[in-house]
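Read off the chains here:
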Amino acid sequence: MAAVDAQTIGKSYGATAVLDGVSLRFEDGRFTSLLGPSGSGKTTLLRIVAGFVTADRGRILIGGEDVTQVPVWKRAIGMVFQSYALFPHMSVDDNVAFGLARRGVRGEEARRRVGEALEMVRLSGFGARRPKELSGGQQQRVALARAIVTRPRVLLLDEPLSALDRRLRQEMQVELKRIQREVGITTIFVTHDQEEALALSDHVAILDRGRIVQAGSPGDVYERPATRFAASFLGDANFLEGTVAEGGVIVGGVLVRTDDPLPAPGAKALLAVRPEKIALVPAWGAAPAGHNAVPATVRQVVYAGAASTYLLDGPDGVSLTVFAQNRTGGPVAEAGATVTLAFPPKQTILIKD
Amino acid sequence: MTAAGKVFLFAVLGFLYLPVAVLVAMAFNASPLYALPFEFTTHWFEELSGNDKLLAATRNSVLIAILTTVLATIIGSLAAIALSRRRFRGRTLLQLLLLPPIAIPWLIIGTAMLVFFFWTGIGRGLHAMVLGHVALAIPYVVLVVGAGLNNTRIDLEEAAMSLGSTPLHAFFAVTLPLLMPSLIAAALFAFAVSLDQFVISYFLATPGVSTLPVEIYTSIRKGFTPEVNAVSSLLLAASMFLIIIFARLTKVGGVSGRR
């Protein structure tokens, strides 16, 4: 078990910079997600940590040891691939024992550890089967057992759940988190699924075009997004653009306040508000004291049982979204209604464009 | 399947196998002139055992085919691995250059080899035939093994490396076992190309050293006996045996396991 340090990693393919001076520390025993759209460089960063790709510049340290020049097979890593990558000509037992044999663990000791690993992923009794006789979720578990049985210093997960259907994916998320906690292994998880990243991680790093946009705990990154990209990629967000004045931001003639320090009056400013932070106040009601109050017209209501999504037109015709639970039986406003959107200045975040 | 479909199927099978069936039947027919009625005999097989020329030619054919198989499979497979796994200048050109030898008429290749071997002093004989057959078989091996390699997944080798395998060990532990059916298919191709080869063997044969196809051709010209049928039947049985082994190993046509 060890911390992983990526220091000013740069990688280009031809003229395209895939990673542009990325530095990130993966703390010992922590579950870190690399989150970003395709082409953001997250998979390349993982493959550089694994040793499959050589960085043009920068260093990789595992447990303080510089492994930049160390080949994959000497890095003592465990990796789970998107495709599972189980050896089809070997039994489940032999798949799991493969890495042990490479490290000189054979015989009784190997059998015991294979048994333990399969028990941990709840596949005891499946050892004699071939991979193709297992379901997708079971194959994924075997891949996980194979990766952790050698007690690697770091566990690398390359979108391991993306090939599973929704239900199975949620089940595997719980399993994965349980196993990671039990083993206490430093884990780097690549995903483009923001919910997955939030649910599993101790730490999230959002990548965009080869740079880290923001890194922090899931709560920090979600509640305090730093940029428009971070706010819209992780969760949904409403954006209010305006000019700084009167201790707030004037958005289409409406004053919106924030607790964040603002630039000088007259400057342009961009605010973000999460859709669930906004309360819909009917035309006959009033916004709570101290809250921002923004008039809007309901364009469409999407009813989804427990909650409804309201699509609204705000000041200057800006498109806004509000999530609200259906506490009083059905939506609180219908399409065409004029409402007031109430949200506290504390939840109104100043972000960079 | 519709009735018309069945009729068509049997017509095609009949067209393919009837001549072969007749050949085998006549190997067991007593009349040297292929006259009916059919009268069972193993006489022609007994005759065959006394026909040194035909037996020597058979031995040569099998020997050349085995040497060709081993050499062409090794060289061709290594070439296929290089072509599919390495990126180097001229790779596409090399791949394209593999195809013409399959399409060029054997008569032209045979003439070219005869001229070339004469000019370089390699001459004719068994060694020349092996050289020629290997050259002919390599493109088939590269194509078959290349297709197999395209189906093997690079992520399996990566998984092995993440578990501590060197690239070489990953290849031998993971890719090679999965490539085995392609290698066997390629070897059978090479064997068949060599065993079937007539034109090039005919050009490169010396009066004392010939192969079975060349010998059969020569005896037909002299007016031949059902001994040729007998030796052909034996070869046919051997080929069938090889094909069955191949089918068992690669599960061609069978259910390749549960999904």
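Sequence positions are assigned chain by chain, starting from 1 and proceeding in written order. By the order in which they are written, chains take letters starting at A while ligands take numbers starting at 1. Two thresholds apply to this predicted model, a pLDDT of at least 70 for residue-level local features and 80 or more for giving and counting side-chain atom pairs, whereas whole-chain, interface and lining totals are computed over all residues.

Now for the overall build of chain B. Numbering of helices and strands starts at the N terminus; helices are DSSP runs of H or I of at least 4 residues and strands are runs of E of at least 2. A tally of helices and strands in chain B yields 12 helices and 0 strands. Its helices and strands in sequence order give chain B the pattern α-α-α-α-α-α-α-α-α-α-α-α, from N to C terminus. Across its three principal axes, chain B shows a C-alpha extent of roughly 70 × 60 × 35 Å. With C-beta atoms placed from the backbone, the exposure class of a residue follows from how many other C-beta atoms lie within 10 Å of its own: 20 or more, buried; 12 or fewer, exposed; in between, partly exposed. Out of the 259 residues belonging to chain B, those deemed buried represent 31%. Taking contacts inside chain B between residues at least 6 apart in sequence as the whole, the part at least 24 apart equals 78%. Two residues qualify as being in contact provided that their C-beta atoms, derived from the backbone, are within 7 Å of each other.

Below, the discussion takes up the interface of chain B and chain A. Each partner contributes residues to the interface: chain B has 17 residues there, and chain A has 20 residues. When contributions to the side of chain B that touches chain A are tallied by element, the ones reaching two or more residues are α8 (154-162) and α9 (167-196) of chain B.

Residue and element names in this part refer to chain B. Here, axes are lines fitted to C-alpha atoms. For helices the fit covers the stretch in contact, and angles between N-to-C directions go from 0 to 180 degrees. Between helix α3 (residues 52-85) and α9, the shortest axis-to-axis distance is 8 Å and the interhelical angle comes to 140°. Classed by the angle they form, the pair α3 and α9 counts as oblique. In the crossing of α3 with α9, the sense of the turn from one axis to the other is right-handed. Contacts between α3 and α9 pair Ser 61, Ile 64, Ala 65, Thr 68, Thr 69, Ala 72, Thr 73, Gly 76 and Ser 77 from the former with Leu 183, Ala 186, Ala 187, Ala 190, Phe 191, Ser 194 and Leu 195 from the latter. Of the residues belonging to the contact of α3 with α9, the class tally is 9 nonpolar, 7 polar and no charged. Angle categories are assigned with fixed cut-offs, so that under 35 degrees is roughly parallel, over 145 is roughly antiparallel, 65 to 115 is roughly perpendicular, and the rest are oblique. Throughout, a crossing is termed right-handed when the near helix is turned clockwise from the far one, and left-handed when it is turned anticlockwise from it by less than a right angle. Following the grouping adopted for this structure description, the nonpolar residues are Ala, Val, Leu, Ile, Met, Phe, Trp, Tyr, Cys and Pro, the charged ones are Asp, Glu, Lys and Arg, and the polar ones are all others, Gly among them.

Bringing helix α1 (residues 42-50) of chain A into the picture now. Residue pairs spaced three or four apart in an α-helix point in one direction, given the helix's 3.6 residues per turn. Residues and elements named next belong to chain A. Judged by how many residues are buried, α1 sits mostly within the fold: 9 of 9 residues are covered. Among all positions in α1, only Lys 42, Thr 43, Thr 44, Leu 45, Leu 46, Arg 47, Ile 48, Val 49 and Ala 50 are buried. Phi turns positive, to about 105°, at Gly 51, one or two residues after α1.

Before going further, it helps to spend a moment on the pairing of strand β8 (residues 186-191) of chain A. In the case of a regular strand, side chains alternate between the two sheet surfaces. Residues and elements named next belong to chain A. Here β8 lies mainly inside the structure; 6 of its 6 residues are buried. One requirement defines pairing of two strands: DSSP has to find at least two bridges between them. As defined by bridge partners, strand β7 (residues 154-158) adjoins β8 across 5 bridges and the pair is classed as parallel. Counterpart to Asp 158 in the pairing with β8 is Val 190. Orienting the strands away from the viewer, one traces the path from the first strand over the helix to the second; a clockwise path indicates a right-handed crossover. Regarding the hand of the β-α-β motif, the stretch spanning β7, helix α5 (residues 166-183) and β8 is right-handed.

Moving on: the sheet that holds strand β19 (residues 338-343) of chain A. All names here are of chain A. In space, the 5 strands of this open sheet follow the order β15-β19-β16-β17-β18, with antiparallel pairing throughout. The sheet is open, and its two edges are formed by β15 (279-282) and β18 (319-325), each paired on a single side. Taken over all neighbouring pairs, the strand axes of this sheet differ in orientation by 45° on average, direction set aside. Across 4 bridges, the pairing between β15 and β19 is antiparallel.

Here the focus is the environment of Leu 195 of chain B. Residue and element names in this part refer to chain B. Structurally, Leu 195 is set in helix α9. For Leu 195, a count of 22 C-beta atoms within 10 Å gives the class buried. Measuring from C-alpha to C-alpha, the distance between Leu 195 and Ser 61 comes to 6.1 Å, with 134 residues separating the pair along the chain. Those residues within four positions of Leu 195 in sequence are excluded, and the remaining contacts are Ser 61 and Ala 65.

Before going further, it helps to examine the pairing of strand β11 (residues 238-245) of chain A. Residues and elements named next belong to chain A. Pairing of β11 with strand β14 (residues 268-273) involves 6 bridges; the strand directions are antiparallel. Its bridge partner lying in β14, Phe 239 is registered against Ala 272. For β11 and strand β12 (residues 248-251), the ladder comprises 3 bridges, and the chain directions are antiparallel. Bridge pairing in β12 places Thr 243 opposite Ile 250. What sits between β11 and β12 in their antiparallel hairpin is a turn of 2 residues, with Glu 246 showing a positive phi close to 50°.

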